[in-house]
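Okay, here's what each chain looks like letter by letter:
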Amino acid sequence: MQLYLNLHLFSIILDFQKIAMHLQKITLVNFKNFESQTFDFQEKINCFVGNNGVGKTNVLDAIYYLSFAKSYFNSVATQNIRHSEDFFMIEGDYKIKEKSDNVVCSLKRGNKKVVKRNGKVYEKFSDHIGYLPLVIISPADRDLITDGSDIRRKFIDNVISQSDNKYLQTVIKYNKVLVQRNSLLKYFALNRTYDALNLKVYDEQLATYGSVIYKKRSAFLDEFIPIFKNRYKAISNSSEHVDLVYKTQLKDINFLELFEQNVERDRILQYTSAGTHKDDLTFEIDGYPIKKFGSQGQQKSYLIALKLAQFDFINKQSNVKPILLLDDIFDKLDDLRVTQLVNLVNNEEFGQLFISDTHKDRTEEVVKKTKQPYKIFQL
Ligand SMILES: Nc1ncnc2c1ncn2[C@@H]1O[C@H](COP(=O)(O)OP(=O)(O)OP(=O)(O)O)[C@@H](O)[C@H]1O
Ligand SMILES: [Mg+2]
């Protein structure tokens, strides 16, 4: 009991010591549909309202861009440049613990993307990840349920990376070696040759990085799954049992054994068919895959719970409160879930919040209930 109290006290102190962070101002030049626009933000809640297609999601995406040096919605970087323009620029002014921080992301056609913090150009964008922690909840999250395993691995990697940059660097190194190993397998096939020793060099490197990845993912999910289940319960107000299962080939076998087992297959396929790059998550409801057997409402709740759990996890690990972007979520939720969400914002120490919605009145009604200062931008 004493230990529990101490731990509880400790976590309160930690929370108290959490550094305040907020985006004060953003300027968009030629970013998607914006020619040139500046927004001055409220420290707590900011809402973008307006008709379909006015650019509400685009502003949220620009905020996302400043944290991740890429778009959440369009992975083809040049397609984020305003049609028939030559470049885009996003500039954000942050206040972090009373200190000002300036982040600029820009891209000119034919050139490399540039990301700067306080005037200094990043050599590796990955060094920036986690500096401005952020979680987005958007209708596009549906892809997590419907798409292939790649997007779910990216989800896991995104959550861990924001509080563990070393992990991100390990994933990057693993992927680089993977590309090299795959090229070698292609080379073997093309030249009708084979050199086991040569392949082994890559196997060993992949084993080194891959074991770290496997251990981190396992440890992360052990912690994450209970948080997620709690969130689901709070949002859905229902009795169904949801689960999240880590599917990996590494559970009962080590990396080198795995490669050995698959080497013939890899040679035929000309790529590496086993490893942590094949990991996946299965989303279940009452023991069945939610993709096939979940109702639309259950799927929505599942995704929001997943994202709020991501918020909780990063919030716990990081010394700043993540920015939360809520894209179009009132539209997709019934009143009960909206109320639950407002309560969450009320009861817990959220940081800065950005909301997009087509209905000004509905948004205003909801944010008023939070009794927090807010600002509404009519686009
Ligand atoms: N590269 C680009 N250049 C110019 N316009 C673009 C570009 N990319 C997207 N757009 C425009 O941005 C608009 C969509 O903006 P956005 O998705 O932010 O709308 P929204 O306000 O969120 O709408 P909804 O309420 O439907 O979600 C579209 O009109 C689209 O044509
Ligand atoms: Mg939108």
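The shown structure was predicted, so the numbers you read here are calculated from the model rather than taken from an experiment.

1. Brief notes about the domain arrangement of the protein chain
Item 1. On domain assignment, one finds that the protein chain holds domain 1 (1-133 + 322-379) and domain 2 (141-317).
Item 2. The gap between the C-alpha centroids of domain 1 and domain 2 is 27 Å.
Item 3. Residue-level contacts link 11 residues of domain 1 with 15 residues of domain 2.
Item 4. Grouping the constituent residues of the side of domain 1 that touches domain 2 by class yields six nonpolar, three polar and two charged.

2. What about the pairing of strand S8 (residues 134-137)?
Item 1. Taking every second residue as pointing to the same face, both faces of S8 are buried, with Leu134 and Ile136 on one and Val135 and Ile137 on the other.
Item 2. Of the strand pairs in this sheet, S8 and strand S12 (residues 323-327) are connected by four bridges, and their pairing is parallel. If you follow Val135 over to S12, its bridge partner there is Leu324.

3. Comments concerning the site of ligand 1
Item 1. In the vicinity of ligand 1, 18 residues are found, and the nearest of them are Asn33, Asn52, Lys56, Thr57 and Asn58.
Item 2. Counting residues per element, the shell around ligand 1 draws most heavily on helix H2 (residues 56-68), at three residues.
Item 3. In the shell around ligand 1, the residues fall into two nonpolar, 12 polar and four charged.

4. Notes on the sheet that holds strand S9 (residues 242-247)
Item 1. Judged by pairing direction, the sheet is antiparallel, and its three strands sit side by side in the order S9-S10-S11 without closing on themselves. In this open sheet, the two strands that pair with only one neighbour each are S9 and strand S11 (288-289).
Item 2. In the sheet, S9 pairs with strand S10 (residues 280-285) via six bridges, with the strands oriented antiparallel. When the sheet's bridge partners are listed, Asp243 is paired in S10 with Glu284.

5. Let's talk about the pairing of strand S5 (residues 99-108)
Item 1. Sheet analysis places strand S4 (residues 87-96) next to S5, joined by 10 bridges and oriented antiparallel. Bridging from a neighbouring strand, Met89 pairs with Ser106 of S5.
Item 2. Between S4 and S5, which pair antiparallel one after the other, the connecting turn spans two residues, and Lys97 there sits at a positive phi close to 55°.
Item 3. Judged from the four bridges that link them, S5 and strand S6 (residues 114-117) form a sheet pairing that is antiparallel. What sits directly across from Ser106, in S6, is Val114.
Item 4. What sits between S5 and S6 in their antiparallel hairpin is a turn of five residues, with Gly110 showing a positive phi close to 85°.

How each quantity is defined
Residues numbered from 1 in each chain as written. Chains lettered and ligands numbered in written order. Predicted model: local features only at pLDDT ≥ 70, side-chain atom pairs only at ≥ 80, totals over all residues. Domains from an automatic or database assignment. Contact = placed C-beta atoms within 7 Å. Nonpolar A, V, L, I, M, F, W, Y, C, P; charged D, E, K, R; others polar. Buried ≥ 20, exposed ≤ 12 C-beta atoms within 10 Å, placed from the backbone. Helix = DSSP H or I, 4+ residues; strand = E, 2+ residues; numbered from the N terminus. Pairing = 2+ DSSP bridges. Near = placed C-beta within 6 Å.

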